[in-house]
Amino acid sequence: MTIHQLSIFVENQQGTLLKVLDILKEAGIQLVATTIADTQEYGIYRVICSEPTRAYIILKEAGINVALTDVLALELDNQPGRAADAIRVISAAGVSIKYMYTFLLGGKGVMIFRADPCDKAKEAIILNKLKFIAEEDLSKLL
Amino acid sequence: MIKFPVPDDSCEYFDKEHETMTREQIEALQVERLRETVARCMKNPIYKKRLEEAGVTPESISSVADIRRIPFTTKSDLRDNYPFGLSCVPLRDCVRLHSSSGTTGNPTVILHTQNDLDEWANQVARNLWMVGLRPDDVFQNSSGYGMFTGGLGFQYGAERLGMLTVPAAAGNSLRQIKFMRDFGTTALHAVPSYVTRLYEVMQEQGVDPRKDTKLKVLAIGAEPHSEEQRQRIQNMLGVKAYNSFGMSEMCGPGVGFECKEQNGLHFWEDYYIVEIVDPETLEPVPDGEIGELVLTSIKREAMPLLRYRTRDLTRVLGRTCPCGRNHVRIDRMKGRSDDMMVLRGVNIFPIQIEKILMNFKELASNYLITLTTDQDNDNMTVEVELEELFTDDYGRLESLRKEVTRQLKDEILLTPIVKLVPKGSLPVSEGKAVRVVDKRKVYQ
Ligand SMILES: [Zn+2]
């Protein structure tokens, strides 16, 4: 139900993202979706990619501050209102969403989010028959 | 007791006899007083052993240059012999002590006899008289009191001169300004950053120091500042600001002070022997070259210090002056031969910062301290590398940053700006680590 996301600590400074991206490029890692917020000094660059565990090891060996984070991933029909539907049932279960981002992959909408508490979110997903994406599913979509 | 009468207001000198001595007279007096001091130090077992090992006796001193045969004294000697190990008189003869905070280990203690305090007051009075202050003046001392010698040192000196003295102490700017206006303060002593602060508050309150106060003289010291900063302070308040040098080990303020020429500080050579040495070789450097200031107090009873390494870097500007005083003129401090930082009058060592950062397992060992000046306020930024990205949560990173800031503040008494930076982003130290970048230009 969860997939691996890379969380990379970067400085709000020219060239810092490039350093990370070059390492991933060198290793032949394919990016699926990435996000970073506009902050004052530092940021957490969040990355969904192919072979996240290998990418994590490579980045760590290169001395980058990186964490492998488990995030929830849902597949949504590419239609208006689907994201709202999903969030409605999750919120109704008393779960708060720490952060979220969506993208299109193979004609399907993908919603990535970190939930607190995570167990309750999983429960809500199962009970409401939301379609979740596992690590293997994601690589199939690539 | 060494209280001589306060001279007429028209006299240029507070202690004409000593202030206007020729170089020959100064040096003859120094030899005499150095002999007395060595004899006094022989009463202390630690000094006695050192002097005997170096083969120094009072009789063997025949010129000022003979001082080079005497071993140096350092701050560690004071710490290692804390509190009273270096005293040269019985404790019953001492009437006061001043202690400096123990930033990196034991604090240090300096003892004073009544004569020491009287001489100290005379020194400070001499300085204040030199810049034109007279018994009609009102002297406000906005310096910290208590163990910090800038408080009582200036207090007794200003009283000795005969001024009405306002022991305002540091802080509470609104009250300081009220005192200045109500009591007709004509002279103010404070650390330079506090003078700037006072001016800011005056502006907020719509007080024009030129019109609304009677200020005519500022004494600034206890924290390094550039000529540029001095000029700015003078322009703000519309009065002359004179640089003061002191250190508790030598007594406190009063060791050196600028005359009206504002061209170097006269260090009083009837009280101290001044040497400038190469901090590596410890050999004397020629006049004009920068080296470490080494001071020997030659008129103190309780705790004279022989060839004390101040760690301050400076140089000799000259030994004559249009003001008629032939006491050596020393440039403003140019830096430190150790890694001590002076920020808003507080002495801070990088090791204090390091000690706190090491407590956090989330942080790596690489850090960088940057000192900057923002409108005359000194700021410290501490950048530290993150060891592991232990969270994906901005909130938890922010909590870490706040906790580091809080613990640093408890240690150094100032609130630094703490920045978390990625591992590997700070300059890697080659050999001696560059931990401090001082962008304040205070030593220019
Ligand atoms: Zn002069």
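Calculation criteria
Starting afresh in each chain, residues are numbered from 1 along the sequence in its written order. The naming scheme follows written order: chains are lettered A onward, ligands numbered 1 onward. Per-residue local features are limited, in this predicted model, to residues with pLDDT of at least 70; the limit for side-chain atom pairs, both in listing and counting, is 80 or more; totals at the level of whole chains, interfaces and linings are taken over all residues. Values shown for side chains rest on all heavy atoms present in the structure; no hydrogens or waters enter the calculation. Salt bridge, as used here, is a side-chain nitrogen of Lys or Arg placed within 4 Å of a carboxyl oxygen of Asp or Glu. Only runs of H or I of at least four residues qualify as helices and only runs of E of at least two qualify as strands under DSSP, and these elements are numbered from the N terminus. Whether a residue is buried, partly exposed or exposed follows from its accessible area with a 1.4 Å probe, protein chains only, as a fraction of its type maximum: under 20%, in between, or over 50%, in that order. The start and end points of each domain follow an automatic or database-based domain assignment. The contact rule is simple, with two residues in contact once any of their heavy atoms fall within 4.5 Å. Residue classes follow a fixed rule: Ala, Val, Leu, Ile, Met, Phe, Trp, Tyr, Cys and Pro count as nonpolar, while Asp, Glu, Lys and Arg count as charged, and any other residue, Gly among them, counts as polar.

**A closer look at the pattern of salt bridges**
Counting across every chain of the model gives 43 salt bridges over all chains. Between Glu119(B) and Lys299(B) there is a salt bridge; the shortest N-O distance is 2.5 Å. Of this pair, Glu119(B) sits in helix H5 (residues 114–130) while Lys299(B) sits in the loop between strand S11 (291–297) and strand S12 (308–314); the two residues are 180 residues apart in sequence, bridging distant segments of the chain. The class of Glu119(B) is buried, set by a relative accessible area of 7%. Across the pair Glu258(B) and Arg230(B) runs a salt bridge, and its minimum N-O distance is 2.8 Å. Here Glu258(B), found in strand S8 (residues 252–258), pairs with Arg230(B), found in helix H10 (residues 227–237); they are 28 residues apart in sequence, far enough to count as distant. Assessed through its relative accessible area of 3%, Glu258(B) is described here as buried. Overall, the relative accessible area of 0% leaves Arg230(B) in the buried class. Overlapping salt bridges, with partners in common, bring together Glu75(A), Asp77(A), Lys108(A) and Lys131(A) in one network.

**Things to note about the domain arrangement of chain B**
When the parts of a complex come together, some accessible area is lost, and that lost area is often taken as the interface size. Residues and elements named next belong to chain B. If you check the domain split of chain B, you get domain 1 (1–338) and domain 2 (341–443). The gap between the C-alpha centroids of domain 1 and domain 2 is 32 Å. At the junction of the two partners, domain 1 supplies 18 residues and domain 2 supplies 15 residues. Here domain 1 and domain 2 share 0 salt bridges between them. For the side of domain 1 that touches domain 2, the elements supplying multiple residues, two or more each, are helix H8 (192–204), H10 and strand S15 (335–336). Tallied by class, the residues present in the side of domain 1 that touches domain 2 amount to 4 nonpolar, 8 polar and 6 charged.

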